[in-house]
Amino acid sequence: MSQKFERRGIHVDQSELLCKKGCGYYGNTSWQGLCSKCWREEYQRARQKQIQEDWALAEKLQREEEAAYASSQGAQSQPQPSLAPFSKFEEKKTNEKTRKVTTVKKFFSPSSRTASKKAPSEKVEKVPGARERHGETLLRDLRGIFTPPWEMVSPTEENHEGKTPSPSVSRQSSTETDRVSRDFVEFLKNLQKPGREIHKQCRAFIESMANKKDLGADELSECVQDFYQNMSDRLLTHFKGSTDRVERVMDQVEKYIMTRLYKNVFCPETTDDEKKDLATQNRIRALHWVTIQMLCVPVDEEIPEVSDSVVKAITDIIEMDSKRVPRDKLACITRCSKHIFNAIRVTKNEPASADDFLPALIYIVLKANPPRLQSNIQYITRFCNPSRLMSGEDGYYFTNLCCAVAFIEKLDAQSLNLSPEDFERYMSGQMSPCRPEPEAWPSAGPGISPALREARRSLDLLASLEARQERVLEGARTLESDLIDWQESVEREVREILGRFPLEVRPPASAIDSDNVENDRLPPPLQPQVFAG
Amino acid sequence: MSGPRVDAKVVMLGKESVGKTSLVERYVHQRFLVGPYQNTIGAAFVAKSVQVRDKVVTLGIWDTAGSERYEAMSRIYYRGAKAAIVCYDLTDSSSFLRAKFWVKELQNCEEHCKIYLCGTKTDLIEADRSARQVDYHDVQDFADEIKAQYFETSSKTGRSVEDLFRKVAADYISTTFEVMSEERGVNLEQKKDPFFYSCCHN
Ligand SMILES: Nc1nc2c(ncn2[C@@H]2O[C@H](COP(=O)(O)OP(=O)(O)O)[C@@H](O)[C@H]2O)c(=O)[nH]1
Ligand SMILES: [Mg+2]
Ligand SMILES: [Zn+2]
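Residues numbered from 1 in each chain as written. Chains lettered and ligands numbered in written order. Predicted model: local features only at pLDDT ≥ 70, side-chain atom pairs only at ≥ 80, totals over all residues. Heavy atoms only, no water.

Engineer: Would you mind showing me how to read the overall build of chain B here?
Structural biologist: In terms of regular secondary structure, chain B is built from six helices and six strands. In chain B, the succession of α and β elements from N to C terminus is β-α-β-β-α-β-α-β-α-α-β-α. Considering chain B as a whole, with its 202 residues, one finds that 49% of them fall into the buried category. (Helix = DSSP H or I, 4+ residues; strand = E, 2+ residues; numbered from the N terminus. Buried < 20%, exposed > 50% of the residue type's maximum accessible area, 1.4 Å probe, protein only.)

Engineer: Explain the overall build of chain A here, please?
Structural biologist: Within chain A one finds 20 helices and zero strands. Going through the 533 residues of chain A one by one, you find that 46% of them count as buried. Counting contacts in chain A only where the partners sit at least 6 residues apart, residues at least 24 apart contribute 72% of the total. (Contact = heavy atoms within 4.5 Å.)

Engineer: Please explain the pattern of salt bridges as it appears in this structure.
Structural biologist: In a structure, side chains of opposite charge can pair up when their charged atoms sit close to one another. A full pass over the atoms with the stated rule returns 29 salt bridges over all chains. For D356 of chain A, the salt bridge is made with K348 of chain A, and the minimal N-O distance between the two is 3.0 Å. Of the charged contacts, one joins K167 of chain B and D171 of chain B as a salt bridge, the two residues approaching to 3.1 Å between their closest N and O atoms. Of the two residues, K167 of chain B and D171 of chain B both sit in helix α6 (residues 161-189), four residues apart, roughly one turn of that helix. Members of the salt-bridge network, linked through shared partners, are D316, E319, K323 and R335 of chain A. (Salt bridge = Lys/Arg side-chain N within 4 Å of Asp/Glu carboxyl O.)

Engineer: Even after reading the chapter, I still don't get the packing of aromatic side chains, so can you show me in this structure?
Structural biologist: To describe a pair of aromatic rings, one takes the distance between the centres and the angle between the planes. If you walk through the whole model with that rule in mind, you get 22 aromatic pairs over all chains. Their ring planes at 15° and their centres at 4.7 Å tell us that F341 of chain A and F357 of chain A sit as a pair that is stacked. Of this pair, F341 of chain A sits in helix α14 (residues 326-348) while F357 of chain A sits in helix α15 (residues 354-368), placing them 16 residues apart in sequence. You'll find F341 of chain A and F357 of chain A in the same group, each marked buried. Taken together, a centroid distance of 6.5 Å and an interplanar angle of 45° make the contact between Y396 of chain A and Y77 of chain B tilted. Placement of the pair is Y396 of chain A in helix α18 (residues 393-410) and Y77 of chain B in helix α2 (residues 74-78), with the two residues belonging to separate chains. In this structure Y77 of chain B comes out as buried when scored by relative accessible area, which is 2%. By way of ring pairs, the aromatic residues F341, F357, Y396 and Y397 of chain A together with F45, W62 and Y77 of chain B are connected into one cluster. When the ring centre of W62 of chain B is taken as reference, the NZ or CZ atom of K9 of chain B above it lies at 3.8 Å. A cation sits over an aromatic face here: R98 of chain B above F101 of chain B, 4.2 Å from the ring centre. (Phe/Tyr/Trp six-rings, centres within 6.5 Å; stacked < 30°, edge-to-face > 60°. Lys NZ or Arg CZ within 6 Å of the ring centre and 35° of its normal.)

Engineer: How should I be thinking about the packing of α15 of chain A against α18 of chain A in this particular structure?
Structural biologist: Packed helices, taken two at a time, are described by the angle between their axes plus the distance between the axes. All names here are of chain A. Between α15 and α18, the shortest axis-to-axis distance is 9 Å and the interhelical angle comes to 60°. Note that α15 runs across α18; the crossing there is right-handed. Two secondary-structure elements touch here, α15 through A354, F357, L358, L361, I362, V365 and L366 and α18 through Y396, Y397, N400, L401, C403, A404, F407 and I408. Of the residues contributing to the contact of α15 with α18, the split by class is 14 nonpolar, one polar and no charged. (Axes fitted to C-alpha atoms, helices over the stretch in contact; angles between N-to-C directions. Left-handed = near helix turned anticlockwise from the far one by under 90°. Nonpolar A, V, L, I, M, F, W, Y, C, P; charged D, E, K, R; others polar.)

Engineer: I tried to follow the environment of E254 of chain A on my own but got confused; where do I start?
Structural biologist: All names here are of chain A. Relative to the elements of secondary structure, E254 occurs in helix α11 (residues 243-265). On the accessibility criterion, E254 (0% relative accessible area) is buried. Here the alpha-carbon distance between E254 and N385, two residues 131 residues apart in the chain, equals 7.0 Å. If near-sequence neighbours (up to four positions away) are discounted, E254 is found in contact with Y228, T259, V325, P326, R327, F383, C384 and N385.

Engineer: So what exactly am I meant to see when it comes to the site of ligand 1 here?
Structural biologist: All names here are of chain B. The immediate surroundings of ligand 1 are formed by 14 residues, with S17, T21, S22, D123 and S155 found nearest. Note that an oxygen atom of ligand 1 is positioned 3.4 Å from one of the backbone N or O atoms of V18. At a separation of 3.0 Å, an oxygen atom of ligand 1 approaches a polar backbone atom of G19. Alone, ligand 1 offers 580 Å² of accessible surface; in the complex the protein occludes 71% of this. Listed by contribution, the elements that provide at least two residues to the shell around ligand 1 are α1 (20-28) and α4 (122-127). (Near = heavy atom within 4 Å. Polar contact = N/O pair within 3.5 Å; in protein donor to acceptor, adjacent residues only side chain to side chain. Areas by Shrake-Rupley, 256 points an atom, 1.4 Å probe, with all protein chains shown as cover.)

Engineer: What exactly am I supposed to notice about the side chain of T153 of chain B here?
Structural biologist: All names here are of chain B. Mapped onto the elements of the fold, T153 is located in the loop between β6 (149-152) and α6. Among the residues examined, T153 registers a relative accessible area of 0% and is labelled buried. With residues up to four places along the chain from it excluded, the contact list for T153 reads L23, C118, G119, T120, K121, T122, R159, S160, V161 and L164.

Engineer: What is the right way to read the confidence of the model for chain A from this model?
Structural biologist: Parts of the model with low pLDDT should not have their predicted coordinates read in detail. Residues and elements named next belong to chain A. Mean pLDDT over chain A: 74, with 65% of residues reaching 70 or higher. Within chain A, helix α13 (residues 304-319) carries the highest mean pLDDT (96), whereas helix α5 (residues 103-106) carries the lowest (34). Low pLDDT (under 50) marks residues 1-12, which in the prediction has 16 contacts with non-local residues, meaning those over four places away or in another chain. Note on residues 73-173: pLDDT under 50 across the span, and 167 contacts to partners over four residues away in sequence or across chains. (pLDDT = per-residue confidence, 0-100.)

Engineer: For this particular structure, what's the right way to read unusual backbone geometry?
Structural biologist: Most peptide bonds are trans, and most residues other than glycine sit at a negative phi. In this model, N417 of chain A sits at a positive phi of 55°, which is unusual for a non-glycine residue. Relative to the elements of secondary structure, N417 of chain A occurs in the loop between α18 and α19 (420-428). A residue is classified by how much of its surface remains accessible, and N417 of chain A, at 60% relative accessible area, is exposed. For K147 of chain B, which is not glycine, the phi dihedral falls at a positive 55°. Considering the arrangement of structural elements, one finds K147 of chain B in the loop between α5 (136-146) and β6. Assessed through its relative accessible area of 73%, K147 of chain B is described here as exposed.

Engineer: Can you walk me through the interface of chain A and chain B in this structure?
Structural biologist: Interfaces are frequently sized by the accessible area removed from exposure as the parts join. The interface is formed by 54 residues belonging to chain A together with 39 residues belonging to chain B. Counting the surface lost from both chain A and chain B, the interface buries some 3900 Å², and carbon and sulfur atoms represent 62% of this. Connecting chain A to chain B are one salt bridge. Close ionic contact of R5 of chain B with D244 of chain A constitutes a salt bridge, the shortest N to O distance being 2.9 Å. Put simply, chain A and chain B have six residue pairs in polar contact (both at pLDDT 80 or more) between them. Of all elements in the fold, only α9 (193-210), α10 (217-238), α11, α14, α15, α17 (386-391) and α18 of chain A reach the threshold of two or more residues within the side of chain A that touches chain B. (Buried area = accessible area lost by both parts, 1.4 Å probe.)

Engineer: Sorry if this is basic, but what is going on with the environment of I292 of chain A here?
Structural biologist: If you trace the backbone, I292 of chain A turns up in the loop between α12 (273-286) and α13. In this structure I292 of chain A touches V297, V299, E301 and Y363 of chain A, once residues within four positions along its chain are discounted.

Engineer: Please clarify how α11 of chain A should be interpreted in this entry.
Structural biologist: Count 3.6 residues to each turn of an α-helix, and residues three or four apart come out pointing the same way. Residue and element names in this part refer to chain A. Relative to the 33 Å expected for 23 residues at 1.5 Å per residue, α11 spans just 28 Å between its end C-alpha atoms, considerably shorter than the ideal helical length. Of all the bends in α11, the greatest measures close to 40° and is centred on T259. α11 sits mainly inside the fold: 17 of its 23 residues count as buried. Immediately beyond the C-terminal end of α11, within one or two residues, lies C267, with a positive phi of roughly 45°. (Expected span 1.5 Å × (residues − 1). Bend = angle between axes of the 7 residues up to and from the residue.)

See below:
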């Protein structure tokens, strides 16, 4: 049986979507086929190695830079980072070493310097005054190379090898930020003078945010929300009450400012967002045994279109984490929700209602275990333009996602119609609801895993393919014998005709002019001429 | 891809099976649907444009999962709602008690949310008067007390369904129109200033 499994590619094989570490969660191609948790673990390991190498390089460059600086006697102007750093990250590192649990994220955050700071702070001597700042700038620029893949448009555009990085190579403004800025300017051009004003206001706002480094997440959110409010009030006046046009501009404004602010305001260290992320991630892992039946989800993954929609929904909700703009994150949730609606509609053969949707979304969240779920929800809540979030369709799906997460957090025996004893046993891993009688699993039991179901479906398909191939072979054999028959009949016919009309062999026609009646009209044949000398 | 712009969020609240989903279905899948948007994927969220005199408003109607197991999450649903239609089944007195609970919740948590009481399934009462378990005058007293509008509807016959949502839309328009005309007065004074006369932050 296992040999047959090797012939893949007939179906989307669910097992190929699972984490390569075999932990049972869904993997993602952008994480080299791992789930978010395993990927993080892998990534952290690779990261640590790279950080060590990068720091060695950084030290070397810093020494060179300092030597160059010393020789120029401070005559040159100080290079400034394009966006002033949120230096709170540099000031508040006292309790770092005790926070081992949460170090993972720090490798994802280019503005944080936890692990990286340890080594060099012991080796590199502090240079006072401006020179220290210069060195710091350089190091910060190098840290820009540490930007995680999801924050880059294309990893190849960054100099990973770092062979000859100059401070200008990795300014914090990544290619994506630049592209967004260009798009924004293009968009504003159409608005002419007010466009310039909007641009000025946005730039001023981003700069002002750089000075608000010490604010907590709620205050940061308030600043951004005030800015949205102010801007849309002014736009509403300008466009004489056309809310549609205001909305269009506001979408661009949000995209522009949040692409720039993202790194500093997503999952900020002043919050416990990250702790919640890990708690939720662990919670979802602990609930791996929850079945579609326990949640009463009307989704039948036996139907190929349905299982296809489920896979797409999972992919979309996982993709949310890779977006920077709140509205883009929201769009991932909306796409995920539409796939869920499709799965329900196909299963039930009628439009889905709210009663079906929420449990199905809960199921998808449990299956996907989306990375940094709490951080993403908080980020959207804090920084999305509220007119989208509060009333529209996107807002509806987002609210349902919040409910799904709340449900998962509070979920108990009663919410799944289980006895408290069974719930405890499942939670502790003593018992699994899928396999109460192991000999029963290959049959179409209700609690059987989708991967197995998919495998069984592939087997069925192989069997039917085999039958079809048999039929093709049969047909080929018939064709072969038909061909032999045909050849024989043709030969027979030819022989028969030859018998009826025997060949009269005439002497072959002689030279061209022998029997030619019109011979005399032709010019005389050419005579070879002899040229002398 | 994210549907039309929605002006007002309207949430449906009430005990399981009082008829919230049926009410939305009746309202939306019946007759004139103004606007370009048709919700074909399901009735969980519906955007519907309503014209009241010379104004058009788009209501975003939020249906909620009926099952009791999700009731605890309802608070998340009605956040930021402009209107709540609190439903109860006229043939089930317990559902009216539940409606009172929702009203209290809303008054505590969403002061800007306008409340509409909706007794459902009037067709059942018309067929059999003894089926009524919620007294009309009791509801009226309660409605007066909380300053809420009060409707009795049937999703089966369509009775008063249109009136209910129309009232929601009209109320929303009249409140926002007041605010807008106030703002316009201020704007006239600023007319000479260029666009963005001052910095919008500090
Ligand atoms: N006769 C009658 N039945 C109704 C009416 N509204 C809803 N129902 C029925 O009540 C049940 C619950 O309705 P539903 O809309 O699902 O309630 P929800 O849980 O509040 O969404 C369904 O069987 C409906 O057919 C109505 O106006 N008249
Ligand atoms: Mg319902
Ligand atoms: Zn894994």
